[in-house]
Amino acid sequence: MERPHFIRAWRESLRSLRWRLWAALLLLVVTLLGVLIFLAAEYEESRDQTALEQDAASLVSDIRSSLVRNVQTLQSLHSVAPTADSWAFPAAELMAQHREIVRLEWRDNAQQVTAARDTPFIPELFGYLDRDQALPEVRLACDHARRLSGPAYSSSYFWPLRHGKGLELIEMCLPVARAGLPNGFLVATYSLPGLLSELTNRDLLRGRGLAFNEADGTRLALHSIVTGTRRTLTARQVLDLPGHTLILQLQSPRLLRGLFPNVLTAMVSALSLALLSVLFLLGRDIRRRQRAEMEVAKSLAFRKAMEDSLVTGLRARDMQGRITYVNPAFCDMVGLTAEQLVGTGLPAPWWPPELVDEYQQRQMVRLAGQVLPREGYESVFQRPDGTRFPVLIIEAPLIDAQGKQTGFMSAILDLTEQRRVEDLNRASQERLQATARLATMGEMASLLSHELNQPLAAISSYASGTLNLLEQPEGSGAAVADPVQADLMQAVRRIGEQAERAARVIKSVADFVRRRQQVREAVTPKSLIDAILPLLSLQAKKQGIRLQIQVAPECPSVLCDRTMVEQVLLNLARNGMQAMPLTDPSSRMSLRVLRLEVGQARLHSGLAPGGLPQKTWVAFSVTDHGLGLSEEVQAKLFTPFFTTRAEGMGLGLSLCRTVIEQHGGALTHEPNEPRGTVFRFTLPAAPVQVAPLSSGA
């Protein structure tokens, strides 16, 4: 059973050895070819450079010879033209034949101009600037010529022309004599571009660049340039003139011409054949390897597609706890990239700081060989932004092809959605339980309303009878003068009123539970507050709270169920006083105040027929100065059976909002400044009754 495996391994080793031999042979051939090509290129470049240097030297020699001939021509000119008048015509003929000369001057021994002639080929050469601007160069050349007793040249200078143009000029001064005595100087002004174009061999300049430079490399004059982007060769030769030195620069494109030497050609041919053979064998092997690599690539792509499509995070770690692989789902889960994760060890970057020690102990146990159960375990991860989420981790040993454990493979499930569903189910169960409790409360309310109506009716009857007895005088029917009896009558009267009010409240609650159509009437806001004021004053006095009641003048009446709205006001006011216990705020502060305000609030604009407002609303607000409401309490404020007090049932605010919404209004709350809470609700204003106009007789 082991023989096929051995044969496959032997074949793989042979294939690998052959690949290495071919690669070594190919590298050797490529290296030799590179060396030969480099040597051949160096040979050709040195040959071309030598030829270019020779041509540059030839050009310099031509220029120097032409300048010597020009000196001889100028000497003959002075001999045939002894006077200034006879000198002008032969000077013009000389300049017509020598275009490189742009001006000829005959100066006396004091270097004053006796006769002058300009070139006809450059009009207005000295029209932009006066000739005297070049006088320093002329004097320098003539002084040098007097010392040498021969021709001397000045340094080159730029002469500007009109329209932004200009020429680089150089002065040549030649001392002349007549009858053995000094007879002045002949000054020839040369154009450097003219020297390049007129005194050089045009055949040598075909396709080349020619220029005059100074010794520091500054370009003075340019005759031609090398076109294209090919590599160029450069040769520089010195043109040493009496009094000045110029650098002639000749450039030529790098040309591939000629054949290699015979030995190199034979070697390159042999190596080329060998290279072709190697490439043929290598190509066949590469095709085989490509087919194998394609199969492997397909398998890897299939596996990667499966891993990338998973919503389960995958993570592989070695035996030291370093991460060796993560899939995209895990990267999205922890909010880090694969580059940030691969290679990291313990502690992991997604561990919450306070749980690092616990997780470290768990990892030590796992790395010691005590593998956790296959059903997995729950944990908590933290993203870089600080958000945390629960996960389920299922780990298994990672076994290589030799059966050796090299690490652990983990599957991580994000439990956030599962926990959200569980919370929704729990909230649904709580709502169902709350609904059941509300139904039970409704049944209890119906039962209590039935059972309490008779005692309340009896209390009201007894109070009425007692009041009647107290009002009957014992004597002749005079008014009661005893103050104790008057207070007792007032108390009995209050007992009867509260018993009747309790009966109305019980009836309204029963109607509210049975969803009956409630009777609504026009009630003034002041009467609503006056009805609950005795109860509020008594509780406020006990707690040291000052009541502030403010009803806006001309505030319209509201259309409402009087008893239920009174209960809403009473409930909100009691809640406000309970939010201000005896110690907070302190009695020394001016904040122990409960403020009830009523004002008109117009929520809908527009006019109905007849010019009357379309709808008017009245706003009631109850303001306390307690500690206020936290965000958690605000989120559950109107939830049934939610309360922050141990003795409360959590139904007051829920019933208040239901009552206000049945009237078409809204119950809201907002923070109060500097502290406390403002509860505000709106009720529709009662329609205004317009009396009909009576007709006169």
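Quick word on the packing of aromatic side chains
Turning to step 1, where the next piece is worked out: Applying the stated rule across the entire model yields seven aromatic pairs.
Turning to step 2, where the next piece is worked out: Between the aromatic rings of Trp350 and Phe381, the centroid separation amounts to 5.7 Å while the plane-to-plane angle is 50°, which identifies the pairing as tilted. Taken together, the residues span a long stretch of sequence, with Trp350 in the loop between α7 (338-341) and α8 (356-367) and Phe381 in strand β13 (residues 377-382) at a distance of 31 residues. For the pair Trp350 and Phe381, a shared accessibility class is recorded, and that class is buried.
Turning to step 3, where the next piece is worked out: In this structure an aromatic cluster arises from ring pairing among Phe330, Trp350, Phe381 and Phe389.
Turning to step 4, where the next piece is worked out: Here the basic side chain of Arg99 rests over the ring of Phe121, its NZ or CZ set 4.0 Å away from the ring centre.
Turning to step 5, where the next piece is worked out: Above the face of the Phe126 ring, Arg103 is positioned so that its terminal group lies 5.1 Å from the ring centre.

Looking at the environment of Pro525
Turning to step 1, where the next piece is worked out: Inspection of the secondary structure assignment puts Pro525 in helix α11 (residues 525-543).
Turning to step 2, where the next piece is worked out: The exposure class assigned to Pro525 is buried, which follows from its relative accessible area of 2%.
Turning to step 3, where the next piece is worked out: Each C-alpha atom of the pair Pro525 and Gly599 lies 9.2 Å from the other, and the pair is 74 residues apart in sequence.

Thoughts on the sheet that holds strand β7 (residues 209-213)
Turning to step 1, where the next piece is worked out: Spatial ordering of the open sheet is given by β8-β7-β10-β9, a layout of four strands whose pairing is antiparallel. Each edge of the sheet is formed by a strand with only one pairing partner; in this case those strands are β8 (219-224) and β9 (232-241). Between one strand axis and the next, the sheet turns by 20° as a mean value, whatever way the strands run.
Turning to step 2, where the next piece is worked out: Summarising the sheet, β7 and strand β10 (residues 244-253) pair through five bridges and their orientation is antiparallel. Paired with Ala211 across the bridge in β10 is Gln249.

Quick notes on the sheet that holds strand β14 (residues 388-399)
Turning to step 1, where the next piece is worked out: Strand order in the open sheet formed by five strands is β12-β11-β15-β14-β13, with antiparallel pairing between adjacent strands. Single-partner strands in this sheet number two, and they are β12 (323-326) and β13. Along the sheet, successive strands turn relative to each other by an average axial angle of 35°, direction set aside.
Turning to step 2, where the next piece is worked out: Alignment of strand β11 (residues 313-318) against β12, held across three bridges, turns out to be antiparallel. Residue Arg315 lies in a different strand from β12, and its bridge partner there is Val326.

Observations regarding the pairing of β8
Turning to step 1, where the next piece is worked out: Here four bridges tie β7 to β8, and the two strands are oriented antiparallel to one another. Residue pairing across strands places Asn213 opposite Arg219, the latter belonging to β8.
Turning to step 2, where the next piece is worked out: A loop of five residues connects β7 with β8, the two strands running antiparallel in sequence, and Gly217 in this loop sits at a positive phi of about 95°.

Notes on the pattern of salt bridges
Turning to step 1, where the next piece is worked out: For the structure on display, the rule yields 18 salt bridges.
Turning to step 2, where the next piece is worked out: A salt bridge links Glu105 to Arg107; its shortest N-O distance comes to 2.8 Å.
Turning to step 3, where the next piece is worked out: A relative accessible area of 0% places Glu105 in the buried class.
Turning to step 4, where the next piece is worked out: In this structure, Lys526 engages Asp530 in a salt bridge whose closest nitrogen and oxygen atoms are separated by 3.0 Å. Linking Lys526 with Asp530, this pair stays in helix α11, spanning four residues, or about one helical turn.

Regarding a nonpolar patch on the surface
Turning to step 1, where the next piece is worked out: Side chains of Leu25, Leu28 and Leu32 sit close together on the surface and give an oily, nonpolar patch of about 240 Å² of accessible area.
Turning to step 2, where the next piece is worked out: When you line up the elements, Leu32 lands in helix α1 (residues 3-80).

Here's the deal with the state of the cysteines
Turning to step 1, where the next piece is worked out: This structure, assessed with the given rule, holds one disulfide.
Turning to step 2, where the next piece is worked out: Across a sulfur-sulfur distance of 2.3 Å, Cys142 and Cys173 are joined as a disulfide pair. Its S-S torsion of approximately 100° makes the covalent link between Cys142 and Cys173 right-handed. Highlighted residues: Cys142 in helix α3 (residues 135-148) and Cys173 in strand β5 (residues 166-178), separated in sequence by 31 residues. Here the two residues Cys142 and Cys173 agree in accessibility, since each one is buried.

Here's the deal with the environment of Ala23
Turning to step 1, where the next piece is worked out: Examined against the element boundaries, Ala23 turns out to sit in helix α1.
Turning to step 2, where the next piece is worked out: Residues Ala23 and Leu279, 256 residues apart in the sequence, show an inter-C-alpha distance of 10.0 Å.

Considerations on the nonpolar core
Turning to step 1, where the next piece is worked out: Ranked by size, the top nonpolar core spans 42 residues in total, and within it Leu74, Trp87, Leu104, Tyr190 and Phe212 carry the most contacts.
Turning to step 2, where the next piece is worked out: With nine residues, α1 is the largest single contributor of residues to this core.
Turning to step 3, where the next piece is worked out: Setting aside chain neighbours within four positions, we find Phe212 in contact with Ile63, Leu192, Leu195, Leu196, Thr218, Arg219, Leu220, Ala221, Leu239, Leu246, Ile247 and Leu248.

Criteria and thresholds
Residues numbered from 1 in each chain as written. Predicted model: local features only at pLDDT ≥ 70, side-chain atom pairs only at ≥ 80, totals over all residues. Heavy atoms only, no water. Phe/Tyr/Trp six-rings, centres within 6.5 Å; stacked < 30°, edge-to-face > 60°. Helix = DSSP H or I, 4+ residues; strand = E, 2+ residues; numbered from the N terminus. Buried < 20%, exposed > 50% of the residue type's maximum accessible area, 1.4 Å probe, protein only. Lys NZ or Arg CZ within 6 Å of the ring centre and 35° of its normal. Pairing = 2+ DSSP bridges. Axes fitted to C-alpha atoms, helices over the stretch in contact; angles between N-to-C directions. Salt bridge = Lys/Arg side-chain N within 4 Å of Asp/Glu carboxyl O. Patch = residues over 30% accessible without salt bridge, like charges linked within 9 Å, V, L, I, M, F, W, Y side chains within 5 Å. Areas by Shrake-Rupley, 256 points an atom, 1.4 Å probe, with all protein chains shown as cover. Disulfide = S-S within 2.5 Å. Core = buried A, V, L, I, M, F, W, Y, C linked by side-chain atoms within 4.5 Å. Contact = heavy atoms within 4.5 Å.

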